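Residue strings, one per chain:
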Amino acid sequence: MARGVALRCCRCCNGRKSSIYSSSIARVSLSFSPKTLFASFPIQPRRQNFSRLFCNIASVPDETKYKEVFNRRMAMAGLKPHHRIALGVSGGPDSMALCVLTAKWKTEGLSGVNKTDGFIDGLVAVIVDHGLRQESKDEAQLVSSRVSEMGIRCEIARCDWVNGRPKQGHLQEAARDMRYQMISSVCFRQQIGVLLIAHHADDQAELFILRLSRGSGVLGLAGTSFASEIFSQDLELDLKHMKNRSILLVRPLLDLWKEDMYKICQWGRQDWVEDPTNLSQLFARNRIRTSIGNLHSGTFKSELQAVISECRRTRSFVDKVCTDLINQTVTVTDKGYAVLDLERLNPTEVKDICLSKYLTAVLQFISQRQRPIRGNTLKLLLNYIRAIPCRTSLTAAGCYLSPAPGSKGTKVIVSCFLNGSLPSKTEISNICFNEARKRLTSDDPGQIISAAKKISDQNRVFDVQFLDVASESVLSKARELNLLSESTYTTIGLLQRDETNRFITKKEDNKSVDESEDHGTNITSSSNKLHLLPGKDLYFMNRFLIRWALSKHQCDEAQCDEARCGKCPVRTAKSMEVRHMVESDWLYLSEVSRSSNRNHSTSSSHKALKSLKSIPAAARRSFPVLVNDCGLLLSVPAIGFSYCPCLKASTVFLPRVPLGGGFSSFL
């Protein structure tokens, strides 16, 4: 393992300066042996043994260009220096450059920005210790020390891999997901509404090649958004608006390249770390990064960037069309299902790419599963929605589509489809909110997003070139439009083919393993039953907020038979099991409603059945119900059924992610 050393200038092992970056930029090569490094450069005793290399550079480039680019991007996101902002920081050159630019923007944007204890107000760096390497804790402490010296408060978030270390093949993906989860948790806890991430133009180029090799369409080739809303895995309730709170994630460095990150660190006189795992050829992004870096061509990057920009223009156009279609044709009910008006939609006149995005948005919202819909499933949905009048039903992507009763096939109901007795473990989570969150901060993301939307609307795209282009024809169309030269076209094709072949081989090798991992994801054992205590809240399936409590009044013997002997199943329940509704539940309600007893459960079930008849059977199955330890149905809050008048239960349809996935901008 390489030990922590301070480097003034590094050369590759063959003695030549790197042609990928400017000659004034230091580049670290792991082909140095520890002894060579120690012989050439002084060791700073205060640093621990790390598997990352720590670097710094002496010369200072012109700073004006970078400040102007950064300031323009921050304005496009609707951000101002007084807003409270978090930074995702790893200690690498990208995130350290982000720290330099944000600190400058904060302190120069407002005259006399207050400082408390030497730190810039409203700025926090979140450093995630993934805990996947022995020395990660010491590295996080060192990065925290460096960032703190810049006047930026730091918080180290340490990962707890409760299900064990992620497997090698999914390591980077799992680490990324955990990183966002940890950073967003810090933001919600500290009521910070904006998160900056240091993705840059090289990251977009790598992602383009990666997605091209996986067969992504134009929307996927647009890369990551410039700004987007992200939502907590648990419910962070905005009590004023009764919706899940969000964080605005902004990537203000997308106009800059990797070499610019090093130059910004030079200007800010900041050290950074190089993580050796970023050089491992086991990971696809690393292989693509290495291949692009070896091209030594500025023309290649500029032409590739032009193609990505056109994809992003197309994505912006499609997103706008999709938003308009949703507003005009989708009605969401408080029972958790949606109704699509096919006459207003006129799907035969909507282009495939726009209709696909529209259907994906609706189905992801109803199922609350943010998975892409591709291939045969998407083709099936397109054919189904264009067959007017609609006369059949369809199950796809966790949803059940069926003709709306009485609409003569001109409207389609989209409801959540559940084929098991209990939801997946990942679809049950506890609500996370407290009384302090009733007070909204002055820089609420909603206000910032409104400003960003105005800017986005002012830059609305009307003329796009890739609207009718299939994924396999993107490069050909780009060459036809003179966005790509013949040499760049050929090079991208070679990179795509190489990574595609690797992907197919790996997919075949892991097929049997992946298939075995898909089994047993549903909760079936009694030990996994979900119980809710009285007076507590539960967020169920990312869709319903549910609560139950006992009324202050005693059970009325005339209304509850068991009350006569003091054994009311509601009063005696210390907790209640929460599950989703099954067919036997409405059969039970029907049986109780026919009872000769004129008690509360009889009258309540009669009213509930009337309400139930107007709700599609598929939509009923997603309703949360409360049962006791013996399996007795005590309440279906969505339709007003309660077994005893002493039970007060409520449920609210409160999706974790809103229809359309929240705000996003690809400017």
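Residues numbered from 1 in each chain as written. Predicted model: local features only at pLDDT ≥ 70, side-chain atom pairs only at ≥ 80, totals over all residues. Heavy atoms only, no water.

Rules: UniProt positions are given in the numbering used here, feature names are shortened, and annotations may be inferred rather than shown by experiment.
The name an unreviewed UniProt entry gives the protein chain is tRNA(Ile)-lysidine synthetase, with Eruca vesicaria subsp. sativa as the organism. Regarding the protein chain, the relevant UniProt record gives this comment under Catalytic activity (unreviewed entry): "cytidine(34) in tRNA(Ile2) + L-lysine + ATP = lysidine(34) in tRNA(Ile2) + AMP + diphosphate + H(+)".

## Looking at the overall build of the protein chain
The criterion, for reference: Only DSSP runs of H or I covering at least 4 residues are called helices, and only runs of E covering at least 2 are called strands; the numbering of each starts at the N terminus. Only protein chains enter the accessibility calculation, which uses a 1.4 Å probe; a residue is then buried when its area is under 20% of its type maximum, exposed when over 50%, and partly exposed in between. Residues are treated as being in contact if the distance between any of their heavy atoms lies within 4.5 Å. Under the convention used here, a 1.4 Å probe and the Shrake-Rupley method define accessible areas, while residue burial counts only the protein chains that appear.
Helix and strand counts for the protein chain come out as 20 helices and 28 strands. Counting the 667 residues in the protein chain, one finds 52% classified as buried. A fraction of 74% describes how many contacts in the protein chain between residues 6 or more apart in sequence connect residues 24 or more apart. Of the accessible surface of the protein chain, which amounts to about 31,500 Å², a share of 48% is contributed by carbon and sulfur atoms.

## Things to note about the pattern of salt bridges
Keep this limit in mind: Put simply, a salt bridge is a Lys or Arg side-chain nitrogen that is within 4 Å of an Asp or Glu carboxyl oxygen.
All told, the structure shown has 29 salt bridges when counted by the stated rule. Of the charged contacts in the structure, one is a salt bridge between Arg-285 and Glu-206, with a shortest N-O distance of 3.5 Å. Taken together, the residues Arg-285 in helix α9 (residues 284-293) and Glu-206 in helix α6 (residues 201-213) connect sequence positions 79 residues apart. Take Arg-285: its relative accessible area is 23%, and that puts it in the partly exposed class. With a shortest N-O distance of 3.6 Å, Arg-502 and Asp-498 are connected by a salt bridge.

## Concerning the pairing of strand β24 (residues 624-627)
Quick note on the threshold: Two strands are said to pair when DSSP picks up at least two bridges between them.
Residue alternation in β24 divides its side chains into two sets, Pro-624 and Leu-626 and Val-625 and Val-627, and both sets are buried. Pairing analysis gives four bridges linking strand β23 (residues 576-580) to β24, with the strands arranged antiparallel. Considered in β24, the bridge of Val-578 is made with Leu-626. Two elements, β24 and strand β25 (residues 633-636), share two bridges in a ladder whose sense is antiparallel. Residue pairing in the sheet places Val-627 in a bridge with Leu-633 of β25. Adjacent in sequence and paired antiparallel, β24 and β25 are bridged by five residues, among which Gly-631 carries a positive phi angle near 85°.

## Overview of the sheet that holds strand β26 (residues 641-642)
Strand order in the open sheet made by the five strands is β20-β23-β24-β25-β26, with antiparallel pairing throughout. Each having just a single partner strand, β20 (530-532) and β26 make up the two edges of the open sheet.

## What about the sheet that holds strand β7 (residues 153-158)?
Ordered in space as β7-β6-β3-β8-β12-β9-β28, the seven strands form an open sheet in which the pairing is mixed. Each having just a single partner strand, β7 and β28 (664-665) make up the two edges of the open sheet. Summarising the sheet, strand β8 (residues 194-196) and strand β12 (residues 246-250) pair through three bridges and their orientation is parallel. Looking at β12, one finds that Leu-196 is bridged to Val-250.

## What to know about the nonpolar core
Stated formally: Within this scheme, the nonpolar core is defined by two criteria: the residues are buried Ala, Val, Leu, Ile, Met, Phe, Trp, Tyr or Cys, and they are joined through side-chain atoms within 4.5 Å.
Among the nonpolar cores identified, the biggest contains 105 residues, and Phe-208 and Tyr-358 are the most heavily contacted of them. Apart from residues no more than four positions distant in its own chain, Phe-208 is found in contact with Leu-221, Leu-304, Val-307, Ile-308, Cys-311, Leu-475 and Ile-492.

## Examining the packing of helix α2 (residues 64-76) against helix α3 (residues 93-109)
Using the following cut-off: The convention used is that axes are lines fitted to C-alpha atoms, helices contributing only their stretch in contact, and that angles between N-to-C directions extend from 0 to 180 degrees. An angle below 35 degrees is treated as roughly parallel, one above 145 as roughly antiparallel, one from 65 to 115 as roughly perpendicular, and anything else as oblique. All amino acids are sorted into three groups, where Ala, Val, Leu, Ile, Met, Phe, Trp, Tyr, Cys and Pro are nonpolar, Asp, Glu, Lys and Arg are charged, and the leftover types, Gly among them, are polar.
For the pair α2 and α3, interaxial distance at closest approach is 10 Å and the crossing angle is 75°. Judged on the interaxial angle alone, α3 and α2 are roughly perpendicular. Contacts between α2 and α3 involve Tyr-66, Lys-67, Phe-70, Asn-71 and Met-74 on the former and, on the latter, Leu-98, Leu-101, Thr-102, Trp-105 and Glu-108. Tallied by class, residues from the contact of α2 with α3 come to six nonpolar, two polar and two charged.

## Points about the packing of aromatic side chains
Cut-off, in case you're wondering: We call Phe, Tyr and Trp rings a pair once their centres come within 6.5 Å, taking the six-membered ring for Trp, and we label the pair stacked below 30 degrees between planes, edge-to-face above 60, and tilted otherwise.
Enumeration according to the criterion identifies six aromatic pairs in this entry. Pairing Tyr-262 with Trp-272 gives two aromatic rings, centres 5.1 Å apart and planes at 70°, and the pair type is edge-to-face. Remark: Trp-272 occurs in strand β13 (residues 272-274) and Tyr-262 occurs in helix α8 (residues 258-268); sequence separation between them is ten residues. On the basis of relative accessibility, which here comes to 3%, the residue Tyr-262 falls in the buried class. On the basis of an interplanar angle of 90° and a centroid distance of 6.4 Å, the ring pair of Phe-544 and Phe-623 is categorised as edge-to-face. With Phe-544 in strand β22 (residues 544-550) and Phe-623 in the loop between α20 (617-620) and β24, this pair connects stretches of sequence that are 79 residues apart.

## Quick notes on the pairing of β23
With five of five residues buried, β23 lies mostly within the body of the structure. The two faces of β23 match: Met-576, Val-578 and His-580 on one face and Glu-577 and Arg-579 on the other face are all buried. For β20 and β23, the ladder comprises three bridges, and the chain directions are antiparallel. The partner of Leu-532 across the bridge, within β23, is Met-576.

## Side note on the side chain of Lys-357
Residue position: Lys-357 is located in helix α12 (residues 352-367). Residues in contact with Lys-357, not counting those within four places in the same chain, are Leu-219, Arg-315, Val-318, Asp-319 and Cys-322.

## Let's talk about the environment of Asp-94
Within the fold, Asp-94 resides in helix α3. When its relative accessible area of 15% is taken as the criterion, Asp-94 is described as buried. Contact partners of Asp-94, with chain neighbours within four places excluded, come to Ala-198, His-200, Leu-253, Lys-258 and Met-261.

## Here we look at the packing of α6 against helix α10 (residues 298-329)
Running from N to C, α6 and α10 point in directions that differ by 75°, and their axes come no closer than 10 Å. Judged on the interaxial angle alone, α10 and α6 are roughly perpendicular. On α10, the residues touching Ala-201, Asp-202, Gln-204, Ala-205 and Phe-208 of α6 are Lys-301, Leu-304, Gln-305, Val-307, Ile-308, Cys-311 and Arg-312. In terms of residue class, the contact of α6 with α10 is made up of seven nonpolar, two polar and three charged.

## Remarks on the confidence of the model for the protein chain
How we decide: pLDDT gives the predictor's per-residue confidence on a scale running from 0 to 100.
Residue-level pLDDT values for the protein chain average 82, and 79% of them are 70 or greater. Throughout residues 420-428 the model reports pLDDT below 50, and contacts reaching past four residues in sequence, or to other chains, amount to 27 contacts. In the model, residues 434-440 has pLDDT below 50 throughout and makes 15 contacts with residues more than four positions away in sequence or in other chains.

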